[in-house]
Amino acid sequence: MDAVEEFAQVVSENPVALDHGAALLATALRPPCDVDEVRERLDELAATCPGEGFAALRAHLFTGCGFRGNVHDYGDPENSFIDAVIKRRIGIPISLAVVTMEVGRRLGVVVDAIGMPGHFLVRDAASGTYCDPFHGGVLLDEHGCRQRHDVIFAGRRVLQPEELAPVSASQVLARMLANLAQTRLATKPALLTTMLRMHGCIPVLAPGERLALAARLESIERFADAGVQAERAAAGLSGDAQRAALGAALAYRARAN
C-alpha cells in the first residue's frame with residue numbers, strides 16, 4: 001500500500017487519526033518521512049510537558065519548546081510537513097495547530113481545531129478560550145479572533161459566528177492539502193496530481209470543494225478524475241446545481257476518451 005492509498009484508508013476511519021494523516025502527507029509529497037517516528041516525537045513532546053491542562057500545554061509548546069510561526073518564509077512547503085515542523089519548531093498556523101492538538105490529545109487535553117478563514121486557530125474545549133499557535137500561542141477571545149480576521153481580509157468579508165466553530169480532523173487535512181496546492185510544490189505536475197488525489201479521497205468535502213477540485217484536475221488534464229469529483233459533488237446537490245454538476249462530469253469524462 002502506497003502513502004496515497006494509506007491516506008485514503010485513514011480518512012475513511014472514525015475517528016480519523018490526525019497525526020497519521022498529517023504524517024502521510026509528508027510521506028507522499030516529500031519523502032522520506034517515518035510515520036512511526038513522527039508519532040514518537042509527539043509522544044516525547046507530551047511526556048516532557050511539566051504540567052496538566054491547556055495552560056501547561058500552551059506554555060510547554062510555545063515558551064518551553066519555542067514553537068512559532070515562520071514569518072520569514074511563510075510559503076515554504078516544509079512549514080506544512082509535520083515532521084519538519086516538529087524538528088524545526090516552526091510552521092504555519094494549521095501545522096502548528098496540528099502539533100498542539102496532537103500533543104494535547106496525548107495529555108488528555110481536548111483541543112479543538114478552529115478553521116477560521118485566513119488564519120487557523122485552536123480552542124481549549126474546556127474553557128472555550130482561543131489560541132493562536134502562529135503568534136506564540138497567544139490567547140484570544142472572540143473579539144480578538146475577529147480582529148485577526150479583519151486585519152487579514154481588510155474589510156473584504158465579515159467573519160461569521162459559525163466560522164469559529166470546531167472543524168473535524170478530515171477538514172483539517174483537507175485544508176492542509178488545499179494550502180499545499182498553492183505552494184511552489186504545485187508547480188511540479190506529479191506532486192500536484194498526488195495532492196489532488198489525496199484531497200479527493202476525503203469523504204467530508206462539500207460539493208463546492210469537489211467542484212473546485214474537479215476544475216483543478218481538469219487544468220492538469222486529469223479528466224477522468226475530474227469527472228469523478230464532479231459526479232460526487234452532484235450527489236450532494238439538487239435541482240439546477242445538481243444538473244450542472246452532472247453536466248460537468250459528463251463533459252470531463254468525454255474529454256478523457
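Above this note sits the structure.
Residues numbered from 1 in each chain as written. Predicted model: local features only at pLDDT ≥ 70, side-chain atom pairs only at ≥ 80, totals over all residues. Heavy atoms only, no water.

## Structural notes on the environment of alanine 8
What counts, and what does not: In this description a helix means any DSSP run of H or I spanning at least four residues, a strand means any run of E spanning at least two, and both kinds are numbered starting from the N terminus. Each residue is assigned to one of three classes by its accessible area relative to the maximum for its type, calculated with a 1.4 Å probe on protein chains only: buried under 20%, partly exposed between the two thresholds, exposed over 50%.
As for its position among the elements, alanine 8 is in helix H1 (residues 3–11). With relative accessibility at 26%, the residue alanine 8 sits in the partly exposed group. Spatially, the C-alpha atom of alanine 8 lies 36 Å from that of valine 151, the residues being 143 residues apart in sequence.

## Some words on the packing of aromatic side chains
Let me state the cut-off plainly: Each Phe, Tyr or Trp ring, with Trp reduced to its six-membered ring, pairs with another whose centre is within 6.5 Å; inter-plane angles below 30 degrees give stacked pairs, above 60 give edge-to-face pairs, and intermediate values give tilted ones.
This model, assessed by the stated rule, comprises one aromatic pair. A ring pair is formed by tyrosine 74 and phenylalanine 134, whose centres lie 5.6 Å apart and whose planes are at 65 degrees; its orientation type is edge-to-face. On the criterion of sequence distance, the pair formed by tyrosine 74 in the loop between strand S1 (68–69) and helix H5 (82–88) and phenylalanine 134 in the loop between strand S5 (130–132) and strand S6 (138–140) is long-range, its members being 60 residues apart. By relative accessible area, which is 45% here, tyrosine 74 ends up partly exposed.

## What to know about the packing of helix H11 (residues 223–234) against helix H12 (residues 239–256)
Defined as follows: Throughout, an axis means a line fitted to C-alpha atoms (over the contacting stretch in the case of helices), and angles, computed between N-to-C directions, take values from 0 to 180 degrees. Should an angle fall under 35 degrees it is called roughly parallel, over 145 degrees roughly antiparallel, and 65 to 115 degrees roughly perpendicular, with every other angle called oblique. The sense of a crossing depends on the near helix, which, turned anticlockwise from the far helix by less than a right angle, makes the crossing left-handed and, turned clockwise, makes it right-handed. For this analysis, residues touch if any pair of their heavy atoms sits within 4.5 Å.
Close contact between H11 and H12 brings their axes to 8 Å; oriented N to C, the two are set at 165 degrees. When the interaxial angle is binned, H11 and H12 end up roughly antiparallel. Relative to H12, H11 is oriented so that their crossing is left-handed. Each of Phe223, Ala224, Ala226, Gly227, Val228, Ala230, Glu231 and Ala234 in H11 lies in contact with H12, whose residues at this interface are Gln242, Ala245, Leu246, Ala248, Ala249, Tyr252, Arg253, Arg255 and Ala256.

## Considering the sheet that holds S5
The following threshold applies: The pairing criterion is simple: DSSP has to find at least two bridges between the two strands.
Taking strand neighbours across the sheet as the criterion, the five strands line up as S6-S5-S4-S3-S7 in an open arrangement whose pairing is antiparallel. Looking at the sheet topology across the chains shown, the edges are occupied by S6 and strand S7 (166–167). With two bridges joining them, strand S3 (residues 111–114) and S7 adopt antiparallel strand pairing. Paired with isoleucine 114 across the strands is proline 166, a residue of S7. The strands touched by helix H6 (residues 93–107) within the sheet are S3 and strand S4 (121–124), with S3 carrying the most contacts at an inclination of about 160 degrees. With respect to the sheet, helix H7 (residues 142–153) is in contact with S4, S5 and S6, its orientation differing from that of S6 by roughly 105 degrees.

## Some words on the packing of helix H2 (residues 18–29) against helix H8 (residues 169–180)
Here is the rule: Asp, Glu, Lys and Arg are counted as charged, while Ala, Val, Leu, Ile, Met, Phe, Trp, Tyr, Cys and Pro are counted as nonpolar; the rest, among them Gly, fall into the polar class.
Between H2 and H8, whose axes approach to 9 Å, the crossing angle comes to 25 degrees. In terms of their interaxial angle, H2 and H8 are classed as roughly parallel. Along this stretch, H2 crosses H8, giving a crossing that reads as right-handed. Contacts from Leu18, Gly21, Ala22, Leu25 and Leu29 of H2 reach H8 at Ala169, Val172, Leu173, Met176, Leu177 and Leu180. Of the residues belonging to the contact of H2 with H8, the class tally is 10 nonpolar, one polar and no charged.

## Focus on unusual backbone geometry
Cis geometry marks the peptide bond from asparagine 14 to proline 15; its omega dihedral reads 5 degrees. The topology assignment puts proline 15 in the loop between H1 and H2. In this chain, proline 31 is followed by proline 32 through a cis amide linkage whose omega measures 0 degrees. Along the chain, the position of proline 32 falls in the loop between H2 and helix H3 (35–47). One non-glycine residue, arginine 89, lies in the positive phi region at around 70 degrees. If you trace the backbone, arginine 89 turns up in the loop between H5 and strand S2 (90–91). Classification of arginine 89 by relative accessible area gives partly exposed; the value is 25%. The phi torsion at glutamate 221 lies on the positive side, around 65 degrees, for a residue other than glycine. In this fold, glutamate 221 is placed in the loop between helix H10 (207–219) and H11.

## Structural notes on H7
Our working rule: Any helix carries an expected span of 1.5 Å times its number of residues minus one. What the arc measures is the spread of directions leading from the helix axis to the C-beta atoms. By the criterion applied in these results, polar contacts are pairs of N or O atoms within 3.5 Å in which, for protein atoms, one can donate a hydrogen and the other can accept it, and in which residues neighboring in sequence qualify only through two side-chain atoms.
When the terminal C-alpha atoms of H7 are compared, their 17 Å separation across 12 residues agrees well with the 16 Å that a helix rising 1.5 Å per residue should span. Among all positions in H7, only Gly144, Cys145, His149 and Phe153 are buried. The arc that holds the buried residues of H7, viewed along the axis, is 165 degrees, so those residues lie on one side. Seen from the buried face of H7, the exposed residues on the opposite side, beyond 90 degrees, are His143 and Val151. Each element contacted by the buried residues of H7 is listed here: S4, S5 and S6. For H7, the side-chain oxygen to backbone nitrogen distance between the N-cap and histidine 143 is 3.2 Å, and the N-cap itself is aspartate 141. Just beyond H7, the residue with positive phi is alanine 154, at close to 50 degrees.

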